[in-house]
Amino acid sequence: MKTLPRIYLASPHMSDEGFEKQYIQAAFDSNWIAPLGENVDRFEQELADKVGSSHAAALSCGTAAIHMALKAAGVGQGDIVFCQSLTFSASANPIIYQNAIPVFIDSEPDTWNMSPDALEKAFAKYPNVKAVIVVHLYGLAADLDRIMELCRKHGVCLIEDAAESLGTLYKGRYSGTFGDYGVFSFNGNKIITTSGGGMLVANQKDSAVAAERIAKVRFWATQSRDSARHYQHSELGYNYRMSNVLAGIGRGQLKVLDQRVTKKRQIFEFYTQAFSTVAEIKMMPANDWSYSNCWLSCITLSGSRVRPLDVMLALEAENIESRPIWKPMHLQPFFRDCDYIDHAGIAQRIFENGVCLPSDTKLTLEELQKIVSIIKKLWH
Ligand SMILES: *Cc1c(COP(=O)(O)O)cnc(C)c1O
């Protein structure tokens, strides 16, 4: 039997118009095959304009952007940083790069993101905390109002890991623009991609301050070269800038972001309808105050008859990719010595019962129907 073409969880989806290639061609024509050039400058400005932030730095990946945000927030040796536990390890690893100490925070059931109740407990236990990293998992916004209020009250820097939520609105404003810093990723599986890349936006009220912070990040990310003719360095440097070729892909992709969000939301809606008849399947939360980009559509299963692994194996047998929910950081061997502030074991429960379903924007109706029927059959 011929094997069917693989259906992916989320794969790159270039514009039909070929915008990306035009910008890449411009980079070749001008010979700016470098980590600087017009595409980089324009991509920064275009992304900042899109989300409504004043200043942005294009970097080699989202992880680098989180690292630079922590550094800009003044996080260093021995400082405590609160980080959402239910996330990808890239949210937390940069805390270690800075020799700081992560404390992991449980999720709340309504958003799957950082529990404001657990965060409040964490502030009581660690009043000298330096920064908070909140994540908008799978595109759904965290309960930002309460989290921002707590951070303001304690005078602590808030970093929004919006790697998965570009295009998501929280109460009418784009995610990534609420915290002191916002981070986006353009990794291959994200809603738009540059194959690999990231962006840091600074959201200080005073635009001059934001400009200064972003200028400093660009300086660190370009090996911290002092303005001297000879190679002089007064600070530790990093090679974190985005290539001008890849920024060209990003500029093209940004033009189709809204289209991608629309399609992702249709996929989520399709699954919601289809599974409304199966009592043991619950869609991940959605709510009125967040307009999610629905990066991945996820479900949780109740009951013991069908478990997440059964779903994943049944789909895999038909060459369809699905994945477990991120394993919480407080359950990771690498972070076993770190403290964790519990809400009610929510992150662990989501991890143990959840599955990420195929959410590729190239999915056809027939493919979606097939996915649903494979899953529903497990209950027959
Ligand atoms: C993808 C992702 C990152 C890291 O982005 P990269 O560009 O791959 O470095 C960080 N946090 C979350 C939640 C992510 O999903």
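None of the values given here were measured: they were computed from a predicted structure.

A separate point is the site of the ligand. Close contacts around the ligand come from 15 residues, with Gly 62, Thr 63, Glu 164, Ser 185 and Lys 190 the closest. Between Thr 63 and the ligand, the recorded distance is 2.5 Å, taken from a side-chain N or O atom to an oxygen atom. One of the side-chain nitrogen or oxygen atoms of Lys 190 is found 3.3 Å away from an oxygen atom of the ligand. Isolated, the ligand exposes 380 Å² of accessible area, and the fraction of that covered by the protein chains is 94%. A per-class count over the shell around the ligand returns 5 nonpolar, 7 polar and 3 charged.

Before going further, it helps to examine the sheet that holds strand E5 (residues 157-161). Strand order in this open sheet of 8 strands is E1-E9-E8-E5-E4-E2-E3-E14, and the pairing throughout is mixed. Each edge of the open sheet is held by one strand with a lone partner, namely strand E1 (55-59) and strand E14 (339-341). The mean inter-strand angle of the sheet, taken between neighbouring strand axes irrespective of direction, is 20°. Its contacts with the sheet put helix H5 (residues 116-125) on strand E2 (80-84), strand E3 (101-105), strand E4 (131-135) and E14, and the angle it makes with E14 is roughly 135°. Lying over the sheet, helix H6 (residues 144-154) contacts E4 and E5, oriented at roughly 150° with respect to E5.

Structurally, the protein comprises domain 1 (19-254) and domain 2 (257-377). Spacing between the C-alpha centres of domain 1 and domain 2 amounts to 25 Å. Each partner contributes residues to the interface: domain 1 has 49 residues there, and domain 2 has 40 residues. Both faces combined, the contact of domain 1 with domain 2 buries some 3900 Å², and carbon together with sulfur accounts for 66% of it.

Moving on, we get to the pattern of salt bridges. All chains considered together, the criterion is met by 16 salt bridges. Note that Glu 44 and Arg 241 form a salt bridge whose closest N and O atoms lie 2.8 Å from each other. One end of the pair, Glu 44, is in helix H2 (residues 38-51); the other, Arg 241, is in the loop between helix H7 (207-221) and helix H8 (244-254), and 197 residues separate them in sequence. Residue Glu 44 is classed as buried on the basis of its relative accessible area of 5%. Connected via shared salt-bridge partners are Glu 38, Arg 42, Glu 46 and Arg 251.

Non-glycine residue Lys 171 carries a positive phi angle of around 45°. Backbone geometry places Cys 294, a non-glycine residue, at a positive phi of 50°. Within the element layout of this structure, Cys 294 appears in the loop between strand E11 (290-291) and strand E12 (297-301).

So, about the sheet that holds strand E13 (residues 323-324). Strand order in the open sheet formed by 4 strands is E10-E12-E15-E13, and the pairing between neighbours is antiparallel. Each edge of the open sheet is held by one strand with a lone partner, namely strand E10 (281-283) and E13. Relative to strand E15 (residues 354-357), E13 runs antiparallel, the two sharing 2 bridges. Among the inter-strand pairings, Arg 323 is bridged to a residue of E15, identified as Cys 356.

In this section: the packing of H2 against H8. Here H2 crosses H8 at 35°, and the two axes come no closer than 8 Å. As for how H2 packs across H8, the hand of that crossing is left-handed. Across the interface between the two elements, Glu 38, Asn 39, Val 40, Arg 42, Phe 43, Glu 46, Leu 47 and Lys 50 of H2 pack against Asn 244, Ala 247, Gly 248, Gly 250, Arg 251 and Leu 254 of H8. In terms of residue class, the contact of H2 with H8 is made up of 5 nonpolar, 4 polar and 5 charged.

Our next topic: H6. Taken as a whole, H6 has its buried residues at Leu 144, Ile 147, Met 148, Leu 150 and Cys 151. Down the axis of H6, the smallest arc covering the buried residues is 160°, so these residues share one side. Those residues of H6 that are exposed and angled more than 90 degrees off the buried face are Glu 149, Arg 152 and Lys 153. Lining the buried residues of H6 we find H5, E4, E5 and strand E6 (169-170). Phi for Gly 155, located one or two positions after H6, is positive at around 60°.

What follows deals with the packing of aromatic side chains. In this structure the tally under the stated criterion is 13 aromatic pairs. Where Phe 334 meets Phe 335, the ring centres are 4.9 Å apart and the plane angle is 75°; that geometry is what we call edge-to-face. Judged by relative accessible area, Phe 334 falls into the exposed class, the value being 57%. Owing to a relative accessible area of 2%, Phe 335 belongs among the buried residues under this scheme. Taken together, the aromatic side chains of Phe 88, Trp 112, Tyr 138, Trp 295 and Trp 326 make up a single cluster linked through ring pairs. Geometry around Tyr 291 places Arg 265 over its ring, the cationic atom sitting 3.8 Å from the centre.

Conventions and cut-offs
Residues numbered from 1 in each chain as written. Predicted model: local features only at pLDDT ≥ 70, side-chain atom pairs only at ≥ 80, totals over all residues. Heavy atoms only, no water. Near = heavy atom within 4 Å. Polar contact = N/O pair within 3.5 Å; in protein donor to acceptor, adjacent residues only side chain to side chain. Areas by Shrake-Rupley, 256 points an atom, 1.4 Å probe, with all protein chains shown as cover. Nonpolar A, V, L, I, M, F, W, Y, C, P; charged D, E, K, R; others polar. Pairing = 2+ DSSP bridges. Helix = DSSP H or I, 4+ residues; strand = E, 2+ residues; numbered from the N terminus. Axes fitted to C-alpha atoms, helices over the stretch in contact; angles between N-to-C directions. Contact = heavy atoms within 4.5 Å. Domains from an automatic or database assignment. Buried area = accessible area lost by both parts, 1.4 Å probe. Salt bridge = Lys/Arg side-chain N within 4 Å of Asp/Glu carboxyl O. Buried < 20%, exposed > 50% of the residue type's maximum accessible area, 1.4 Å probe, protein only. Left-handed = near helix turned anticlockwise from the far one by under 90°. Arc of directions from axis to C-beta. Phe/Tyr/Trp six-rings, centres within 6.5 Å; stacked < 30°, edge-to-face > 60°. Lys NZ or Arg CZ within 6 Å of the ring centre and 35° of its normal.

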